[in-house]
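Single-letter residue listing:
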Amino acid sequence: MAWMNAADGNARGAGPGGSDGQRSARSGVRSRLRVRTVAGQVFVVLLVVVLLLVGVALTALVLQARRSATGEAAGRTRAVAVALSRAPGVVSAMDGPDPTAVLQPLADKVVQEGGVDYVVFANPAGIRYSAQSPDLIGKHVIGPFEHTLAGPTTDSFRTPVGRVVESGAPVHRPDGSVAGVVQVGITVAHVGSAVGRQLPILIGGAAAALAVGTGGAALARRRLRRQTHGLGPAEMTRMYEHHDAVLHAVREGVLIVGGDGQVLLANDEARRLLELPPDAEGRAVSELGLAPALAELLASGRAATDEVHRAGDRLLAVNNRPTAPFGGEPGSVATVRDTTELRALAGQAETARARLQLLYDAGLRVGTTLDVARTAQELADVAVPGFADFATVELADAVLNGEEPPDPGTAQGLWIRRVAVGGVDEDWPFFPIGSRLDPRPGTPEEIALDTGRAALVADLRGSDAWRARSPEAADRVLSYGVHSLVCAPLRARGTTLGTVHFWRAGSPPFEEDDLSFADELAARAAVCLDNARRYTRERTMAEALQRSLLPGALPEQSALEAAYRYLPALHGVGGDWFDVVPLPGFRVALVVGDVVGHGLHAAATMGRLRTAVLNLSALDLPPDELLARLDELVTRLDPAENSGGERDIGGRGERAAVTGATCLYAIYDPTSGECTMARAGHPPPVLVEPDGSAEFVDLPAGPPLGVGGLPFETADLRLAPGTALVLYTDGLVENRDRDLGTGLEALRRSLAGADVRHSPDDICQAVSDALVPPRPTDDIALLVARTRLLEADQVASWDVPFDFASVSRIRKECADRLAAWGLEDLSFTAELILSELITNAIRYGTEPVRVRMLRDSSLVHEVSDGSSTAPHLRYAATTDEGGRGLFLVAQTAERWGTRYTARGKVIWAEQSLVAPEFRFEGFGELHP
């Protein structure tokens, strides 16, 4: 070991791995080099002359200085070895993760400054941590070293570079155990001694002999350079040593084949990989028992790069190159390396990469919608064919309804229903979609649901519990070729939603390594399924709330023939609403509104606004005033909601405000055909005339509700009988694929092409077919009302002189009209109501006073005057002579009220066409 360190890695033999044939070949090469080269002969003569001149002197000096030099070398190396073994940091470096990184620089420094030739650190097993040549690091030391573990030692031996003295010392840990050894060597010739001081004398004595040999050396040098292409002896030696080391130490087989197909050289790795016989060198490649394809490649000499050939149970990558183009004799050099393990690892890496890609694809493809069944089908599709040949998904019924599924451990258990199937073939043999599965004990579903981990059935034929549930279905699955199964639970946020089954038929059976991937895939998909379930629950609640807030049916009224369509958004309930509100005098109010947003908040806001509109409609306000009050109400509600900070609605941080709403309000009077309307940021209505033409109403837009401070303007129209008034929300005309302008024009065209003879319901259906997309993203409300006019004989009116004496005359004329209508039974009550209303108008109002009676589904009495003073209902005492007029009206009429006009007010009372029995006890005396 030591002299190899001193010579910086020069080899002195074939080493443990070399064969006898290899050592014989190298000895033959050296003997031929000595005999056949002139340089060898010249150097022999020169050496003899020098030895004759200096032999006597050198012998004396050597004998004199040997003892002192050897002793000095032993003392120096021993001191250095012991010092290094006790040096701070050496023990920690040997026990550290990278001993070479610390000890190699220390060894180099000691060699440079300590006067020694080499320093070697090694572990207790003799593996080098440092060396003069980096190639030797990590290799075993040469020669015995075990005795150094017991304590400091010093050895002396001869090497080709001279006598070397080497000292070694163990490196002890604090607990006394041996962490390693340190060996320090020095060549005795390098130790300063008398020999060194006498060298000038020897050199002078040998100068003559060297001069004699100069000529011969020059001649030998010239001839040697011609033979070695300019390489000197040292370079030749180094080249040979490197060639030898690389040839036999490399972990790649090298095979040199001559032009005649015979093996010229094979290193140890080639012999091992190709299982060559010991006498392979010198034999033809075809005689070595190799595979025919491999033997043909080696003998042909053709170029090849990483061709894979089988040799026994190995897969070999062979590279073959011809030698002739590079100045050599005809033949080829082949390198062979074993790729069996590499290909196995590459296969595992490819499988892992494919699994990661599948998980990535699942993240993109599963959960694209918030529909539970769609998400389950996406899971089944993404698993095929990358992981399984078939995949089925089973969910609890509660999950499909958006509810929390029961705990599998409860008494009810967890019944699951198959909701999705995917496979490489369409004719899969499993239970159909919609089938219910009972996770019986021992079945894969029961194990997966109970443990929360994927369950493996590597051989379905041996699964008794799985077969026992349905033997016929099991036989059908097995006969189809399905042989193994992995069942993974779908769990998200602590909730078990169901299971997913992965089946294999043509692919290799599932293994234990597949369970972790199945769990990961199922866990990712379960989150998407739970999101869809939660959304389904919220959407169901929002739809229920919205349906409860919307009108269930249109109220009975005779002014309009109306029909509607309401279509909620596919994902997320919105805040669209509509209303048909009967008003006094057989008038009707039409309302359409839209709240921005979706979900529970939008539905609740819609309900609040609809209630507000209904309450304001009861006041019988004009459209612009009603919208102004509604806008004021919204403006007051928002600060009220926000005064205490934002409220969390549904856990999403939404605040309960009602801004972002639009509304259109229209009032139609069937006695005159007049229609008054106003809108707050809402799309304009469409009028479809009796002749079939359709145009948008030129109605000022007005600001959306909640803006405040801006007035609303009205438009007054006179509609002919049979005119269709179409009100709608923006979801009908605007979506992602169609802007508002395009949608409005499409609506106008669809209405213009509608047959005027069609009913409003038919018009609604035609508009829906033409404009409603298959998957609406916003709510759609559509209201179509076709106008009617009261017949002339259904209306009677009189101008009343501003005199109490005219009351009896008007009362008599009204009685005569009732008789003409065939309503004599209502005369008494009608006269009473009219008497009190006319008297009240003359007494407390101003001119002009007018009376109108309307007959349709009921009898309406209207008395108008020029005063805007509101009447008040009084409860007179028994001793009061007056104050009972409006009280009598309130008791005898179905309902009564007051509405204001631009020129005063109208007090009206509605009377049923069926005469009831009245009693007037306690009313006192009635006065006309």
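Please refer to the structure higher up on the page.
Residues numbered from 1 in each chain as written. Predicted model: local features only at pLDDT ≥ 70, side-chain atom pairs only at ≥ 80, totals over all residues. Heavy atoms only, no water.

1. Side note on the overall build of the chain
Piece 1. A count of helices and strands for the chain gives 24 helices and 30 strands.
Piece 2. Out of the 928 residues belonging to the chain, those deemed buried represent 45%.
Piece 3. Across the chain, contacts joining residues at least 24 apart in sequence account for 62% of those joining residues at least 6 apart.
Piece 4. Accessible area of the chain: about 45,500 Å², with a carbon and sulfur share of 55%. (Helix = DSSP H or I, 4+ residues; strand = E, 2+ residues; numbered from the N terminus. Buried < 20%, exposed > 50% of the residue type's maximum accessible area, 1.4 Å probe, protein only. Contact = heavy atoms within 4.5 Å. Areas by Shrake-Rupley, 256 points an atom, 1.4 Å probe, with all protein chains shown as cover.)

2. Things to note about the sheet that holds strand β7 (residues 304-311)
Piece 1. If you trace the five strands from one edge of the open sheet to the other, you get β6-β5-β9-β8-β7, paired in antiparallel fashion. Two strands lie at the open edges of the sheet, namely β6 (263-266) and β7, each paired on one side alone. Strand after strand, the sheet turns through a mean of 25° between neighbouring axes, direction not considered.
Piece 2. Where strand β5 (residues 253-258) meets strand β9 (residues 331-338), six bridges bridge the pair, whose relative direction is antiparallel. Paired with Leu 255 across the bridge in β9 is Ala 334.
Piece 3. In this fold helix α10 (residues 292-300) packs onto β5, β7, β8 (314-322) and β9, with an angle of close to 145° to the strand it touches most, β7. (Pairing = 2+ DSSP bridges. Axes fitted to C-alpha atoms, helices over the stretch in contact; angles between N-to-C directions.)

3. Overview of the packing of aromatic side chains
Piece 1. This model, assessed by the stated rule, comprises eight aromatic pairs.
Piece 2. Ring centres of Tyr 564 and Phe 578 lie 4.5 Å apart, and the angle between their planes is 35°; this geometry places the pair in the tilted category. Of the two residues, Tyr 564 sits in strand β16 (residues 560-567) while Phe 578 sits in strand β17 (residues 577-582), which places them 14 residues apart along the sequence.
Piece 3. Exposure remark for Tyr 564: the relative accessible area of 27% places this residue in the partly exposed category. (Phe/Tyr/Trp six-rings, centres within 6.5 Å; stacked < 30°, edge-to-face > 60°.)

4. Remarks on the pattern of salt bridges
Piece 1. Summed over all chains, the structure comprises 35 salt bridges.
Piece 2. The residue Asp 519 makes a salt bridge to Arg 453 at a minimum N-O spacing of 3.1 Å. Of this pair, Asp 519 sits in helix α17 (residues 513-549) while Arg 453 sits in the loop between α14 (444-451) and β13 (455-457), placing them 66 residues apart in sequence.
Piece 3. Among the ionic pairs, Arg 899 bridges to Glu 862, the shortest N-O distance being 3.4 Å. On the criterion of sequence distance, the pair formed by Arg 899 in strand β29 (residues 895-901) and Glu 862 in strand β28 (residues 859-865) is long-range, its members being 37 residues apart. No difference in accessibility class separates Arg 899 from Glu 862, as the two residues are buried.
Piece 4. Through salt bridges with shared partners, one network takes in Glu 404, Arg 493, Asp 530, Arg 533 and Arg 534. (Salt bridge = Lys/Arg side-chain N within 4 Å of Asp/Glu carboxyl O.)

5. Here we look at the sheet that holds strand β25 (residues 780-787)
Piece 1. Taken in spatial order, the five strands line up as β16-β25-β24-β21-β22 in an open sheet, and their pairing is antiparallel. The two strands at the open ends of the sheet, each matched to only one other strand, are β16 and β22 (694-696). On average, each strand axis in the sheet is tilted by 20° relative to the strand beside it, whichever way the strands run.
Piece 2. Bridge count for strand β21 (residues 686-688) against strand β24 (residues 724-728) is three bridges, and the pairing is antiparallel. Bridged to Val 688 within β24 is Ala 724.
Piece 3. Strands in contact with helix α20 (residues 740-752) are β21, β22 and β24; relative to β22, the strand with the most contacts, it is inclined by about 150°.
Piece 4. Relative to β16, helix α21 (residues 760-771) is tilted by about 30°, and along the sheet it contacts β16 and β25.

6. Quick look at the environment of Gly 312
Piece 1. Looking at the element boundaries, Gly 312 is found in the loop between β7 and β8.
Piece 2. C-alpha of Gly 312 to C-alpha of Leu 273: the two residues are 39 residues apart in sequence and 9.2 Å apart in space.

7. Description of the nonpolar core
Piece 1. Ranked by size, the top nonpolar core spans 48 residues in total, and within it Trp 577, Leu 590, Leu 627, Leu 630, Tyr 665 and Met 677 carry the most contacts.
Piece 2. Broken down by element, the residue count for this core peaks at seven residues, all from strand β19 (residues 661-669).
Piece 3. Counting residues in hydrophobic clusters, the runner-up holds 38 residues, among them Ala 362, Ala 391, Leu 395 and Phe 517. (Core = buried A, V, L, I, M, F, W, Y, C linked by side-chain atoms within 4.5 Å.)

8. Comments concerning the packing of α20 against α21
Piece 1. Two numbers describe how α20 lies on α21: the axes approach to 10 Å, and their chain directions differ by 140°. Taken together, the axes of α20 and α21 lie oblique to each other. When the axes of α20 and α21 are compared, the crossing they make is right-handed. For the pair α20 and α21, the contacting residues are Gly 743, Ala 746, Leu 747, Ser 750 and Leu 751 in the first and Ile 763, Val 767, Ala 770 and Leu 771 in the second.
Piece 2. Among the residues forming the contact of α20 with α21, the class breakdown is seven nonpolar, two polar and no charged. (Parallel < 35°, antiparallel > 145°, perpendicular 65-115°, else oblique. Left-handed = near helix turned anticlockwise from the far one by under 90°. Nonpolar A, V, L, I, M, F, W, Y, C, P; charged D, E, K, R; others polar.)

9. Here we look at the pairing of strand β26 (residues 795-800)
Piece 1. Only one face of β26 is buried: it carries Ala 796, Trp 798 and Val 800, and the other face, with Val 795, Ser 797 and Asp 799, is open.
Piece 2. Where β26 meets strand β27 (residues 849-855), six bridges bridge the pair, whose relative direction is antiparallel. Each residue of the ladder has a partner; that of Ser 797, found in β27, is Arg 852.

10. Let's talk about the pairing of strand β2 (residues 153-159)
Piece 1. Examined bridge by bridge, β2 and strand β3 (residues 162-172) share seven bridges and lie antiparallel to one another. Residue pairing for β3: Phe 157 is matched across the bridge by Val 164.
Piece 2. Taken together, β2 and the strand that follows it, β3, pair antiparallel across an intervening segment of two residues.

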